Structures are given as C-alpha cells and as structure tokens.
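The primary structure of each chain is shown beneath.
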Amino acid sequence: MSFKEGFLWGGATAANQVEGGVAEDGRGLANVDLMPHGKDRYSIGTGKKIVHACEEGAYYPSHQAVDFYHNYVQDIALMAEMGFRTFRLSIAWTRIFPNGDEEQPNEAGLKFYENIFKECKKHDIEPLVTICHFDCPMHLIEKFGGWRDRKMIEQYVKLARTLFTRYKGLVKYWITFNEINMILHFPFVAAGLRFNQNENEYQAMITAAHHELVASALATRIGHEIDPENRIGCMLAAGTYYPQTCRPEDYWKALCDNRESYMFIDVQSKGAYPSYALKWIEQNHAHVPFEKGDKELLQDNTVDFISFSYYSSRVSSADPKNGQQTESNIFASVINPFLESSEWGWQIDPLGFRITINELYDRYQKPLFVVENGLGAKDTIASNGAIQDDYRIDYLRKHIQAMKDAVEKDGVDLIGYTTWGCIDLISNGTGEMEKRYGFIYVDRDNLGNGTLKRIKKKSFYWYKDVIASNGEIL
Ligand code: BG6
C-alpha cells in the first residue's frame, strides 16, 4: 500500500465560490463580492481598476454561487457517500466579523460553520479549514487600504483566535492563508490591494505579504496555544517552472521564477526570509517592513505542514518575446509544446506534479498536503441524464498516479489529497460557472440561470472507488 492509513482523501472549496447567501444572517461585504463575471474581473482582481461597491448592471456570480449556504447538509452527505475523509472549506471572514473591526463576532456566522463541522463529524469527515481564502472585509479595505497596513494583522488575529477557540475539538487541520504567493499576481483578491497611480506597487505587495506572514505566524502560535492538537499549515500556488531550453539564461530565469513563490513558504516553513529574497526586494527598490520582534516571531512559529495547489507546471524563458504565453492559474507561462491543454489553456502535466511534490519535499522536509488539483472543463448532460466526464477522470487518474509515485518510489511524506471544487463552483479566475471541477454537477450557468439541482457525475462513482481502495484502484 502506498498511501498511509488514514490518508486524508477528499475535496476542496472556498466560501466565496460556493456559499452564496451574501447578505444573510448579518454577513458583511468583502472584496470577493465585488468581483464580477466578465471583462472587468481581471483588472479588478489585480487592483488596477478600483471599485468601492457593486456596480449596477454587472453580474456577481459569488452572490448566490451554488448556494452551499442552504444546501450544505445535502452536499456534505454527497461527499460522505463518496467516502470523503476530509473536506476543505474556508471561512467567510465577513460572516464572523461583518466589518472586520467589531469587538464581538457575529453569532449567526459562527453557528453556520459550527453546524457544518458537526455535520462533517457525523460522517467522520475531518474538516480542513482555510482561515482566509481570498477574502477581506471591504470596510477594512476602505479603512486601511487592505494588507498594506499593519493594523490588518490585529484584525486577522482576532478572527483566527475566535475560530480556534470556538471550534476547538471540532477542527484540527488549519491553513492560515490560501495561496499566499498569489499576492504578487492577483493582489486585490489576495490582499485587498488597489493601487494609486505612481505608487510603488511592488513595495505595496511586499508590505502586504510581510503583514500576512506575521499574521500567519501569530495565528500559528495562538492555534498551538489554544489546542496543541491543532495542525496548522501554509499554502502555496505551486507548479514548477521548467526552463524553456537548456540555455543557462533560461535555467536561471526558471530558478528565479520558482524562488519568487518559494520565498513565502521559506518564511512560513523555515522561519526566515531567504537571503536571495532580501537582496531581490532591495534591488527592486523595496524593503521588508520589519518591526521589532518580527524575526523572532517568524523563527519561532513555523508551520506543521506545507499545503499547495497544483494544476500545471509552467515554463520560463529569459527572453519574454520567445514563445507564446499561456495562462496557468493566473501565473503567465510560456507554452510547453510537449503538453496538452485544457479548454482554458491550462497545460496538463502529471509528471510535473511528481516533480513539484519532490521539489517541495526536498526543500522543506515537512509533511505535504495536496489541497487543490483538478481539471476545469465543460460538462454536458446526456439525454438519459448522465454526465460522462471521462476527461476529468483521466486527468485525476494520471495525477493521483504521479502522487502515488512520489510517495511509493520517492518516499515523500504526504498527509492527504483534496481535489479542487469537489462540487461545481464559481471560477476564481474567470467568474464562470461553466468551468467545472466537480464530481457533483450543479445546474447553474454563467449568468446565474438554473435550478441549482445536484447531479452525480461519472467521476463521482470513480472517486468513490479510489477512496475505498486507498488509491489502489485508479
Ligand atoms: C486556485 C484557487 O488558485 O485555483 C481557487 O485557490 C481557484 O480559489 C482555483 O478556484 C482554480 O482556478 P479557477 O480560475 O479555475 O477557478
């Protein structure tokens, strides 16, 4: 057997991509609520187009999403039917603190997640909770300018402490921030940053990143103090960069691109900024805004495990004019001619998954947790009502095999695997509903039409067998 006993098989979601119920039970407005479907989504997400409120005439898919808010009992039962041992979900910050800066939490929000965790327990499903998956109260963004202000740390820590206290005994696995390296690529979504003209944007992103890193270390400390059983992890948008050619310049570029992401995890896992990062930041006319005690805090409060998403490998070229560009989870990459692509141009590379897993383990020597992997694809319902998503099964089968090789043949310590969007949800990058990842289909289209009815896809039954056989039957 390659996967250890108790290996955490399951699926993953994020609050803003499944819940809906945007104004229910006192929930406040967050950055993610201002992300429309359509052409402005990307410029808002990168902080270039500044928005303060929802705009008339625009469609905001997350406002109803797939209405997990009212369907979680049924949805968790479906996950249990597949044999899930874990379910990754995130907390909508503004359900707990609608504006962010209240002194007391909103009981209705706390109760909502408590009910979810109890529902999971009923089915022997271990919740894996992301404290912050791309959301930030709009009130704090207006007040502080997002994570560029150090005062955000206090607000986040209050949230984390509230969650650790309230859910003690119900939740053991925590992730402090989703894809922390996304700050450099989608800064409004990842850190509530909107940029003024003439601002040193890189400095704002480095400052925000440092504040999130300090907040993450504080949360790790508090989480361990409140319950020593807690296991707290960081989270990386992973996917190794290959050099486009064996030209040394291309290799160097790939190394630099990889390090640009690893520097965040270096801090969270090893407890200090790597020396290259400090030099590069300085050479880019920026600095890390260290305050007294930060270095010791980071050093003393490293994470218990490294979690990451993997969809694809990427390719670097020293010459930006060389080769076509493709998008892979918001990170630009040169096209790899040896790989096929999804309908959205994300390249498919199972061996790259094994390579990425090995690189992370070589670098950090801590348990790894794959918390996102999957294929975004269009699904069609046949006249008999079936959804034959063999393409999704094919993608997942090859990736699970690659993960198995990493465990069995390379000796990597892996805790679990959660596929992204186990139930169809709103795409973070495009806002589309029809970019589906799920084993469970949700009847809803890009413009919000549909009954929200759930339908089991072919992959639902396939994944059930994978879990039941602990990855032996693929
Ligand atoms: C990751 C995010 O970046 O990729 C998810 O953590 C996101 O929130 C996922 O949904 C897939 O990306 P997309 O753009 O297809 O939704």
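Every value quoted in this text rests on a predicted model; they were computed, and no experiment measured them.

**Student:** Tell me about the site of the ligand, and please be specific about residues and values.
**Tutor:** Around the ligand, a shell composed of 16 residues is seen, among which Gln17, Glu179, Asn428, Lys435 and Tyr437 lie nearest. Between an oxygen atom of the ligand and a side-chain N or O atom of Glu179, the distance comes to 2.5 Å.

**Student:** So what's going on with unusual backbone geometry? Residues and values would help.
**Tutor:** One non-glycine residue, Asp67, adopts positive backbone phi at about 55°. Within the secondary structure, Asp67 is located in the loop between helix H2 (41–45) and helix H3 (68–81). The backbone of Gln365 shows a phi angle near 50°, a positive value even though the residue is not glycine. Looking at the element boundaries, Gln365 is found in the loop between helix H13 (350–364) and strand S13 (368–372).

**Student:** How would you explain the environment of Leu78 if you had to name every residue and give the values?
**Tutor:** Assignment of secondary structure puts Leu78 in helix H3. Using a relative accessible area of 12% as the deciding quantity, one classes Leu78 as buried. With 362 residues separating them along the chain, Leu78 and Ile440 place their C-alpha atoms 8.1 Å apart. Setting aside residues up to four positions removed in sequence, Leu78 forms contacts with Ile440, Arg454, Lys456 and Phe460.

**Student:** I'd like to hear about the pairing of strand S3 (residues 126–132), residue by residue, with values.
**Tutor:** Counting buried positions along S3 yields six of seven residues, so the element is predominantly enclosed. Where strand S2 (residues 86–90) and S3 come together, five bridges link them in parallel fashion. Following the sheet pairing, Arg88 is matched in S3 by Leu128. As judged from the four bridges shared by S3 and strand S4 (residues 173–177), these two strands associate in the parallel manner. In the sheet register, Cys132 faces S4, and the bridge partner there is Phe177.

**Student:** Could you give an account of H3, naming the residues involved and the relevant values?
**Tutor:** End to end, H3 covers just 17 Å across 14 residues, shorter than the expected 20 Å (1.5 Å per residue, more than 12% under). At Gln74, H3 is bent by approximately 40°, the largest bend along its length. What H3 keeps buried is the set Phe68, Tyr69, Asn71, Tyr72, Asp75, Ile76, Leu78 and Met79. The first or second residue beyond H3 is Gly83, which carries a positive phi of 90°.

Conventions used here
- Residues numbered from 1 in each chain as written.
- Predicted model: local features only at pLDDT ≥ 70, side-chain atom pairs only at ≥ 80, totals over all residues.
- Heavy atoms only, no water.
- Near = heavy atom within 4 Å.
- Polar contact = N/O pair within 3.5 Å; in protein donor to acceptor, adjacent residues only side chain to side chain.
- Helix = DSSP H or I, 4+ residues; strand = E, 2+ residues; numbered from the N terminus.
- Buried < 20%, exposed > 50% of the residue type's maximum accessible area, 1.4 Å probe, protein only.
- Contact = heavy atoms within 4.5 Å.
- Pairing = 2+ DSSP bridges.
- Expected span 1.5 Å × (residues − 1).
- Bend = angle between axes of the 7 residues up to and from the residue.

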